[in-house]
Amino acid sequence: MKGVIFDIQRFSVHDGPGIRTTVFMKGCPLRCKWCHNPEGLCRNIQVQFFEEKCIGCKACGGQRSIEKTAVCPSQALKLCGREIEEDELIGELLRDRIFYADKGGVTFSGGECLLQADFVVSVLSRIKELGFTTAIDTSGYISTNEMRKTLSVCDLYLYDVKCIDPQVHKEYTGVDNALILNNLKMLSAEGKNIWVRVPVVPNFNNTESEMENIAEFVASLPNVKQVTLMPYHTLGASKYRTLGMEYSFDTTAKIAESEMSVFAQKFTDRGILLA
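Residues numbered from 1 in each chain as written. Predicted model: local features only at pLDDT ≥ 70, side-chain atom pairs only at ≥ 80, totals over all residues. Heavy atoms only, no water.

(A) Molecular detail of helix H7 (residues 208–219). Taking 1.5 Å of rise per residue, the 12 residues of H7 would be expected to cover 16 Å, and the 16 Å separating its terminal C-alpha atoms lies within 8% of that figure. Regarding H7, the residues found buried are Glu 210, Met 211, Ile 214, Ala 215, Phe 217 and Val 218. An end-on view of H7 places all buried positions within 165° of arc, on one side of the element. Packed against the buried residues of H7 are helix H6 (178–189), strand S9 (193–200), strand S10 (224–231) and helix H9 (257–268). (Helix = DSSP H or I, 4+ residues; strand = E, 2+ residues; numbered from the N terminus. Expected span 1.5 Å × (residues − 1). Buried < 20%, exposed > 50% of the residue type's maximum accessible area, 1.4 Å probe, protein only. Arc of directions from axis to C-beta. Contact = heavy atoms within 4.5 Å.)

Here's what the structure looks like:
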(Lines give C-alpha, C1' and ligand atoms only; values in the text may rest on other atoms or scores of the structure.)
Protein backbone atom coordinates (compact mmCIF):
# COMPACT_ATOMS: atom_id res chain seq x y z
CA MET A 1 0.00 0.00 0.00
CA LYS A 2 1.19 3.53 -0.79
CA GLY A 3 0.47 6.94 0.71
CA VAL A 4 1.32 10.51 -0.24
CA ILE A 5 3.11 12.52 2.45
CA PHE A 6 4.75 15.94 2.58
CA ASP A 7 6.82 15.72 5.75
CA ILE A 8 8.05 13.51 8.56
CA GLN A 9 8.73 15.48 11.73
CA ARG A 10 10.95 13.83 14.31
CA PHE A 11 11.26 14.49 18.06
CA SER A 12 7.79 16.03 18.21
CA VAL A 13 6.55 16.74 21.74
CA HIS A 14 3.26 18.49 20.93
CA ASP A 15 1.43 15.79 18.97
CA GLY A 16 0.63 13.38 21.78
CA PRO A 17 2.37 11.89 24.81
CA GLY A 18 6.13 11.42 24.97
CA ILE A 19 8.51 11.91 22.05
CA ARG A 20 6.82 11.20 18.74
CA THR A 21 7.37 11.03 15.03
CA THR A 22 4.64 12.88 13.12
CA VAL A 23 3.77 11.95 9.54
CA PHE A 24 2.07 14.69 7.52
CA MET A 25 -0.22 13.39 4.79
CA LYS A 26 -1.23 15.38 1.70
CA GLY A 27 -4.83 16.27 0.97
CA CYS A 28 -7.49 18.13 2.95
CA PRO A 29 -11.25 18.62 2.41
CA LEU A 30 -11.25 21.91 4.38
CA ARG A 31 -10.06 25.30 3.18
CA CYS A 32 -9.51 27.17 6.44
CA LYS A 33 -8.65 30.76 5.61
CA TRP A 34 -5.81 30.81 8.15
CA CYS A 35 -4.31 27.40 7.30
CA HIS A 36 -0.60 27.24 8.20
CA ASN A 37 0.10 24.03 6.28
CA PRO A 38 -0.82 24.84 2.65
CA GLU A 39 1.46 21.98 1.56
CA GLY A 40 -1.21 19.64 2.90
CA LEU A 41 -4.19 21.05 1.02
CA CYS A 42 -3.63 19.33 -2.34
CA ARG A 43 -3.46 15.53 -2.55
CA ASN A 44 -1.08 15.63 -5.53
CA ILE A 45 2.68 16.12 -5.44
CA GLN A 46 3.48 19.80 -6.12
CA VAL A 47 6.49 21.97 -6.92
CA GLN A 48 7.62 24.71 -4.56
CA PHE A 49 9.63 27.68 -5.87
CA PHE A 50 11.90 29.46 -3.40
CA GLU A 51 12.65 32.72 -5.16
CA GLU A 52 15.40 33.75 -2.74
CA LYS A 53 17.42 30.65 -3.73
CA CYS A 54 17.14 31.17 -7.48
CA ILE A 55 20.51 32.05 -9.10
CA GLY A 56 19.03 32.81 -12.51
CA CYS A 57 20.87 29.99 -14.27
CA LYS A 58 17.90 29.18 -16.54
CA ALA A 59 18.49 25.44 -16.17
CA CYS A 60 14.75 25.03 -15.67
CA GLY A 61 13.91 27.08 -18.74
CA GLY A 62 11.49 29.06 -16.62
CA GLN A 63 9.32 25.98 -16.06
CA ARG A 64 8.22 25.06 -12.55
CA SER A 65 7.51 21.41 -13.21
CA ILE A 66 8.23 18.20 -11.33
CA GLU A 67 10.79 17.19 -13.98
CA LYS A 68 12.72 20.47 -13.62
CA THR A 69 13.29 20.04 -9.87
CA ALA A 70 16.03 17.53 -10.69
CA VAL A 71 18.06 20.06 -12.72
CA CYS A 72 17.86 23.03 -10.34
CA PRO A 73 21.41 23.44 -8.89
CA SER A 74 20.37 25.78 -6.06
CA GLN A 75 17.29 23.84 -4.94
CA ALA A 76 15.08 26.82 -5.71
CA LEU A 77 12.68 24.24 -7.13
CA LYS A 78 11.73 21.46 -4.73
CA LEU A 79 9.13 18.73 -4.69
CA CYS A 80 6.36 19.19 -2.17
CA GLY A 81 5.20 15.71 -1.32
CA ARG A 82 6.24 12.19 -2.20
CA GLU A 83 4.64 8.80 -2.62
CA ILE A 84 5.86 6.30 -0.07
CA GLU A 85 5.28 2.59 0.36
CA GLU A 86 4.08 1.26 3.68
CA ASP A 87 7.21 -0.79 4.35
CA GLU A 88 9.47 2.18 3.58
CA LEU A 89 7.54 4.41 5.97
CA ILE A 90 7.62 1.79 8.72
CA GLY A 91 11.39 1.64 8.29
CA GLU A 92 11.70 5.41 8.64
CA LEU A 93 9.49 5.46 11.72
CA LEU A 94 11.41 2.70 13.45
CA ARG A 95 14.64 4.68 13.14
CA ASP A 96 13.22 6.71 16.05
CA ARG A 97 12.08 3.79 18.20
CA ILE A 98 14.82 4.37 20.78
CA PHE A 99 13.22 7.73 21.63
CA TYR A 100 9.65 6.49 22.03
CA ALA A 101 10.19 4.79 25.42
CA ASP A 102 6.93 4.04 27.28
CA LYS A 103 4.70 6.89 26.07
CA GLY A 104 6.06 7.96 22.71
CA GLY A 105 5.14 6.72 19.28
CA VAL A 106 3.72 7.78 15.94
CA THR A 107 1.18 10.48 15.07
CA PHE A 108 -0.47 10.95 11.67
CA SER A 109 -1.40 14.50 10.73
CA GLY A 110 -1.91 16.55 7.58
CA GLY A 111 -3.72 17.98 5.71
CA GLU A 112 -6.39 15.54 6.73
CA CYS A 113 -4.63 12.23 7.16
CA LEU A 114 -7.88 10.24 7.11
CA LEU A 115 -8.41 11.05 3.44
CA GLN A 116 -5.88 8.20 3.17
CA ALA A 117 -7.49 6.21 5.97
CA ASP A 118 -6.64 2.71 4.72
CA PHE A 119 -2.95 3.56 4.51
CA VAL A 120 -2.95 5.22 7.94
CA VAL A 121 -4.79 2.32 9.56
CA SER A 122 -2.44 -0.23 8.04
CA VAL A 123 0.69 1.59 9.24
CA LEU A 124 -0.67 2.31 12.72
CA SER A 125 -1.76 -1.29 13.20
CA ARG A 126 1.84 -2.40 12.67
CA ILE A 127 3.20 0.34 14.94
CA LYS A 128 0.74 -0.65 17.65
CA GLU A 129 1.74 -4.32 17.34
CA LEU A 130 5.32 -3.25 18.09
CA GLY A 131 4.16 -1.74 21.39
CA PHE A 132 4.31 1.97 20.57
CA THR A 133 1.46 4.44 21.07
CA THR A 134 -0.51 5.73 18.11
CA ALA A 135 -2.28 9.04 17.52
CA ILE A 136 -4.29 10.72 14.78
CA ASP A 137 -4.52 14.48 14.36
CA THR A 138 -7.79 15.10 12.51
CA SER A 139 -10.26 17.78 11.49
CA GLY A 140 -13.00 15.18 11.91
CA TYR A 141 -14.39 15.96 8.46
CA ILE A 142 -14.39 12.43 7.17
CA SER A 143 -17.12 9.85 6.74
CA THR A 144 -18.05 8.11 9.98
CA ASN A 145 -17.32 4.75 8.36
CA GLU A 146 -13.76 5.86 7.61
CA MET A 147 -13.37 7.19 11.15
CA ARG A 148 -14.58 3.88 12.57
CA LYS A 149 -11.79 2.07 10.72
CA THR A 150 -9.32 3.74 13.07
CA LEU A 151 -10.94 2.74 16.38
CA SER A 152 -8.88 -0.40 16.97
CA VAL A 153 -5.51 1.11 15.99
CA CYS A 154 -5.60 4.64 17.44
CA ASP A 155 -4.78 5.31 21.10
CA LEU A 156 -5.34 9.06 20.99
CA TYR A 157 -7.26 11.48 18.79
CA LEU A 158 -6.04 15.08 18.50
CA TYR A 159 -9.30 16.60 17.35
CA ASP A 160 -9.90 20.11 16.01
CA VAL A 161 -13.01 21.98 17.15
CA LYS A 162 -13.01 25.32 15.40
CA CYS A 163 -16.44 26.69 16.22
CA ILE A 164 -19.99 25.54 16.93
CA ASP A 165 -21.92 27.95 14.71
CA PRO A 166 -22.40 25.97 11.44
CA GLN A 167 -22.76 29.01 9.17
CA VAL A 168 -19.60 30.67 10.49
CA HIS A 169 -17.76 27.37 10.23
CA LYS A 170 -18.72 26.97 6.58
CA GLU A 171 -17.84 30.59 5.73
CA TYR A 172 -14.30 30.27 7.12
CA THR A 173 -13.46 26.61 6.38
CA GLY A 174 -15.59 25.81 3.34
CA VAL A 175 -17.53 22.99 5.03
CA ASP A 176 -20.38 22.52 7.49
CA ASN A 177 -19.41 21.22 10.93
CA ALA A 178 -22.24 18.74 11.58
CA LEU A 179 -20.16 15.74 10.51
CA ILE A 180 -17.20 16.96 12.56
CA LEU A 181 -19.21 17.30 15.76
CA ASN A 182 -21.05 14.01 15.21
CA ASN A 183 -17.80 12.13 14.69
CA LEU A 184 -16.43 13.59 17.89
CA LYS A 185 -19.52 12.45 19.76
CA MET A 186 -19.07 8.98 18.28
CA LEU A 187 -15.43 8.76 19.40
CA SER A 188 -16.37 9.82 22.91
CA ALA A 189 -19.22 7.29 23.02
CA GLU A 190 -16.75 4.60 21.95
CA GLY A 191 -14.59 5.47 24.95
CA LYS A 192 -11.67 6.76 22.91
CA ASN A 193 -9.02 9.03 24.41
CA ILE A 194 -9.43 12.54 22.95
CA TRP A 195 -7.48 15.79 23.17
CA VAL A 196 -9.40 18.69 21.66
CA ARG A 197 -7.52 21.50 19.96
CA VAL A 198 -9.17 24.87 19.42
CA PRO A 199 -7.47 27.36 17.08
CA VAL A 200 -8.31 30.84 18.36
CA VAL A 201 -8.61 32.96 15.21
CA PRO A 202 -9.33 36.70 14.91
CA ASN A 203 -12.69 37.65 13.39
CA PHE A 204 -13.71 33.99 13.40
CA ASN A 205 -14.17 32.48 16.84
CA ASN A 206 -12.47 34.93 19.21
CA THR A 207 -15.66 35.91 21.03
CA GLU A 208 -16.79 34.98 24.52
CA SER A 209 -20.05 33.55 23.19
CA GLU A 210 -18.33 31.23 20.70
CA MET A 211 -15.80 30.02 23.27
CA GLU A 212 -18.67 29.49 25.70
CA ASN A 213 -20.41 27.32 23.10
CA ILE A 214 -17.27 25.28 22.40
CA ALA A 215 -16.64 24.78 26.11
CA GLU A 216 -20.23 23.70 26.66
CA PHE A 217 -20.03 21.18 23.84
CA VAL A 218 -16.69 19.76 24.99
CA ALA A 219 -17.95 19.47 28.57
CA SER A 220 -20.73 17.17 27.34
CA LEU A 221 -18.16 14.63 26.08
CA PRO A 222 -16.81 12.51 28.95
CA ASN A 223 -13.77 11.18 27.07
CA VAL A 224 -12.21 14.52 26.19
CA LYS A 225 -9.17 14.48 28.48
CA GLN A 226 -7.84 17.97 27.78
CA VAL A 227 -8.21 21.04 25.59
CA THR A 228 -5.48 23.15 24.01
CA LEU A 229 -6.26 26.71 22.93
CA MET A 230 -3.95 27.67 20.08
CA PRO A 231 -3.68 31.39 19.23
CA TYR A 232 -3.58 32.35 15.56
CA HIS A 233 -0.16 32.86 14.01
CA THR A 234 1.19 33.64 10.54
CA LEU A 235 4.18 31.27 10.50
CA GLY A 236 2.84 29.48 7.44
CA ALA A 237 1.95 32.56 5.39
CA SER A 238 5.23 32.65 3.45
CA LYS A 239 4.74 29.07 2.24
CA TYR A 240 1.76 30.08 0.11
CA ARG A 241 3.95 32.10 -2.24
CA THR A 242 6.29 29.15 -2.82
CA LEU A 243 3.30 27.11 -4.00
CA GLY A 244 1.92 29.85 -6.23
CA MET A 245 -0.97 30.44 -3.84
CA GLU A 246 -2.25 33.59 -2.16
CA TYR A 247 -2.58 33.95 1.61
CA SER A 248 -5.54 36.29 1.87
CA PHE A 249 -6.27 36.16 5.60
CA ASP A 250 -5.67 39.24 7.77
CA THR A 251 -2.06 38.81 8.88
CA THR A 252 -2.07 41.96 11.05
CA ALA A 253 -4.68 40.77 13.55
CA LYS A 254 -3.44 39.16 16.75
CA ILE A 255 -4.97 37.41 19.75
CA ALA A 256 -4.14 39.22 22.99
CA GLU A 257 -3.04 37.32 26.09
CA SER A 258 -5.91 38.95 27.96
CA GLU A 259 -8.35 37.41 25.45
CA MET A 260 -6.78 33.98 25.87
CA SER A 261 -7.15 34.21 29.65
CA VAL A 262 -10.85 35.00 29.34
CA PHE A 263 -11.38 32.15 26.89
CA ALA A 264 -9.44 29.71 29.06
CA GLN A 265 -11.71 30.50 31.98
CA LYS A 266 -14.71 29.27 29.98
CA PHE A 267 -13.18 25.79 29.99
CA THR A 268 -11.72 25.66 33.49
CA ASP A 269 -15.07 26.81 34.90
CA ARG A 270 -16.48 23.54 33.54
CA GLY A 271 -13.71 21.42 35.00
CA ILE A 272 -11.95 20.94 31.66
CA LEU A 273 -8.18 20.50 31.84
CA LEU A 274 -6.25 22.96 29.69
CA ALA A 275 -2.88 21.97 28.24
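(B) Representation of empty space enclosed by the protein. The final tally for this structure, using the stated rule, is 1 cavity of 30 Å³ or more. Size it by volume and the largest cavity reaches roughly 30 Å³. As for the largest cavity, its lining consists of Phe 49, Phe 50, Glu 51, Glu 52, Arg 241 and Thr 242. (1 Å grid on protein atoms, 1.4 Å probe; cavity = no way out; pocket = protein on both sides within 12 Å on 5 of 7 lines; lining within 4 Å. Points joined across faces, edges and corners; volume = space filled by probe spheres on them.)

(C) How the structure looks around the nonpolar core. Counting residues in each nonpolar core, the largest one holds 70 residues, and the members touching the most others are Trp 34, Leu 89, Phe 108, Val 196, Val 227 and Leu 229. The element contributing the most residues to this core is helix H3 (residues 117–129), with 7 residues. Those residues in contact with Trp 34 that sit more than four places away from it in its chain are Lys 162, Tyr 172, Thr 173, Pro 199, Val 201, Phe 204, Tyr 232, Tyr 240, Tyr 247 and Phe 249. (Core = buried A, V, L, I, M, F, W, Y, C linked by side-chain atoms within 4.5 Å.)

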